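# Descriptive structure summary
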Amino acid sequence: MAKRTSKNASAAKSNAEAAAIHDQKMQRGEGGELHQFADADSPVLTTAQGGPVTDDQNSLRLGARGPLLVEDFHFREKIFHFDHERIPERVVHARGYGAHGYFETYNSLAAYTKADIFQRAGEKTPAFVRFSTVAGSKGSFDLARDVRGFAVKLYTREGNWDIVGNNIPVFFIQDAIKFPDIIHSVKPEPDSAFPQAQSAHDNFWDFISLTPESMHMIMWVMSDRAIPRSFRFMEGFGVHTFRLVNAKDESTFVKFHWKPKLGLQSVAWNEAVKINGADPDYHRRDLWEAIKSGNFPEWELCLQLFDQDFADKFDFDILDPTKLIPEEILPVQPVGRLVLDRMPDNFFAETEQVAFMTQNVPPGIDFSNDPLLQGRNFSYLDTQIKRLGSTNVTHIPINAPKCPFQHFQQDGHMAMRNPVGRVNYQPNSWGEGPRESPTQGFRHFASEEQGPKARLRPESFADHYSQARQFYISQTVAEQHHISAALTFELSKVKTPVIRERMVSHLFNIDETLATTVGTRLGFKTMPKPADAAMPTRQDLEPSPALSIVENGPKRFEGRKLGILATDGVEAVLLNALTAALTKEKATFEIIAPKIGGVTASDGHWVEAHQMIDGGPSVLYDAVVLFPSADGIDDIVQEAAARDFVADAFSHCKFIGYSEAATPLLEKAGIAGNIDGGVIRIASVKDVRAFIGDLGKLRIWAREPSVKLSKASTPVK
Ligand code: HDE
């Protein structure tokens, strides 16, 4: 409370003003240490017990140069609390970032589900979302090649509903019993404790190459889906088949999809590696900046609804989490939108302590028998007690329901809410306390189940390659090249040749050109035979364009960021036209200048810079503009950072706008003789408008073969 008041008081002043006032208020102690004493603006610092503190700079000691005294309760309490600040990070999905928002229902879905959240058009339900990577620890970098978690908590009027999904609609394994194995294999190897947040090592590929059911997911993880440009530009999926249950207790199967309003976008691998160095917090910063600037990211919740008849006729088992249902076969229906409009006040209290659990479902939503989902329903409660240290997870505000709730669970560590009065059990004779409700309560869908008790995997789960192939043939040529390059890169880090060969033998069951390309790029003298397959790969599955990122791009620059390299003398008319056009397009920009102080434009105006050239490499932007002046170019043309800015933008297939004065920089970056439709001269306001129009294409992938972004990306026939 004390802290909050002082924060608000200083928020009214500018940072510079506040800092100046604080400097004046500093007083020196006898040892030269600085003290900031309380006054009318700032309340008195207290201990956690509320006791006022005199001196927070010096511990209690016997004489100025003597030993410390154990009766210093302020010191003891402060250090005790600090020593216990950390809680165990999540065993998977440790690195994540969350935001608040709401879900808005488009129309009543009462015909399918009695879930209260879907009854009324326009209903708004508070939401909290946490995005994450899977393998890396809490302090790892954002642009690892990895699956992204997409976990949504909806605080409905009938209890919390958690859709704990990923940005990839299928999973590596078919049975939850294999989860510890896949995760152990991808985490740092247990003896060396590296590599961090990377799948490019022997243990991972050893496990994968011995687990054919993971091949479909591997195609996704080696595709650009695993290096998204931003959380805002990625899809989310519930992965498993769930059920909707209506008031008549009729069930409809459902798959959940989140579709980003701003379209899909990923980065190039070479770019991802550089982003991780330039800004390891790239994704969290992007979300923070978007929300803080009022550009609230939005996704539509889309459903694939189907009945038992469809399930029986579909090519694959709808309980198999390594399979998806192509949207071209079963279209998705938008049923509402999720808007993220507020960052947490405190990362630890909210994002770190949020506890998602697949078993949190309100009446009207139910599970299927997907063995992975069933295993997850068991796991998530366990993990929360380990992490948060108490059974009272729901007493933490971020996890508490926002609807009325009452039960007889009590006590335990950190109990904040216990039953009030005499009654803490039921049935009871006292006429108090909550009662069961057969009408409003959750009724599990009464599916008829039978069979022997056994450790079994159904035969209907045995096709491991057909959808892997379908995913691969659904990609554009550039995206296919990225998959072969990623496989080659990852397997090049595997030190055991037999593992590389085993993997390539699986690829032969997916696509021969892909397998040959990877094998050749890895330097195989002879190609391995196709892996022994439980079922032959089906060649009749049609490509599904919905699976390609490039095919589902935004076609506009909205929500993206332009990097503008400027020097003193930057042409003011063009710069103003450019920044105005970007704002109109709801895009953002940063000025990158030789000095962080900024530059003087041609009309004498001062333009503040956001980055100096070293601090703002072009990998941080979706496209770049080079606006040096004729005088300013000499200052930067010899700088390696300026040259890399241009050369990287070009080899990452980005749009580059440039003024005439920038030509020496293009030459220095080696692209002057190589200008294509994505390197565009800007000499007039009209040119600015045309350039902004082009930016919606985001990348010139046709340039890629000429820049040889990765040697491994050219197919070998
Ligand atoms: Fe998770 N998973 N998971 N998972 N998962 C966890 O719960 C688990 C799986 C997913 O932002 C843990 O709170 C098992 C699939 C997300 O806080 C843990 C299996 C999918 C998050 C756990 C799976 C997910 C988790 C660790 C195999 C996509 C982060 C920390 C059956 C549909 C949630 C925690 C957040 C987190 C178990 C597989 C998504 C250990 C046993 C499939 C997004 O409970």
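Residues numbered from 1 in each chain as written. Predicted model: local features only at pLDDT ≥ 70, side-chain atom pairs only at ≥ 80, totals over all residues. Heavy atoms only, no water.

### Re unusual backbone geometry
Let me state the cut-off plainly: Put simply, DSSP marks the helices as runs of H or I at least four residues long and the strands as runs of E at least two long, and each gets a number from the N terminus on. Working definition: with a 1.4 Å probe on protein chains only, accessible area under 20% of the residue-type maximum means buried, over 50% means exposed, and in between means partly exposed.
Between Phe194 and Pro195 the backbone carries a cis peptide bond, its omega angle lying at 5 degrees. As for its position among the elements, Pro195 is in the loop between α4 (179–186) and α5 (202–209). Residue Pro427 is reached from Gln426 by a cis peptide bond, and omega for that bond is 5 degrees. Position of Pro427 relative to the elements: it lies in the loop between α11 (371–388) and α12 (466–473). We note that Met414 has phi near 60 degrees; this positive angle belongs to a residue other than glycine. If you trace the backbone, Met414 turns up in the loop between α11 and α12. Taking the relative accessible area as the measure of exposure, Met414 reaches 68% and is therefore exposed. Of note in this structure, Lys586 is not a glycine but carries a positive phi near 60 degrees. In this structure, Lys586 sits in the loop between α16 (572–584) and β14 (588–593).

### Looking at the confidence of the model for the chain
The criterion, for reference: Confidence per residue, as judged by the predictor, is encoded in pLDDT with a range of 0 to 100. When checking whether two residues touch, look at their non-hydrogen atoms; a contact exists if any pair is within 4.5 Å.
Model confidence for the chain is summarised by a mean pLDDT of 95, while 96% of its residues fall at 70 or above. Between the elements of the chain, mean pLDDT differs from a low of 39, seen in helix α1 (residues 2–11), to a high of 99, seen in strand β5 (residues 148–156). Taken as a whole, residues 1–12 scores under 50 in pLDDT and shows six contacts with residues more than four places along the chain or in a different chain.

### Considering the coordination of the iron atom of the ligand
Geometry reference: four tetrahedral donors at a metal, ideal angle 109.5 degrees. Six octahedral donors, ideal angles 90 or 180 degrees. Basically, it comes down to this: Donor atoms are limited to N, O and S found within 2.8 Å of the metal ion, a distance that becomes 3.2 Å for Na, K and Ca. With water left out, some sites might look partial.
There is one protein donor for the iron atom of the ligand, and it is Tyr380 (OH), at 2.0 Å. Relative to the assigned elements, Tyr380 resides in helix α11.

### Focus: helix α15 (residues 512–521)
Burial in α15 covers these residues: Leu514, Ala515, Thr516, Thr517, Val518 and Gly519. Among the structural elements, α6 (215–221), α12, α13 (477–492) and α14 (497–507) are those in contact with the buried residues of α15. Phi turns positive, to about 85 degrees, at Gly523, one or two residues after α15.

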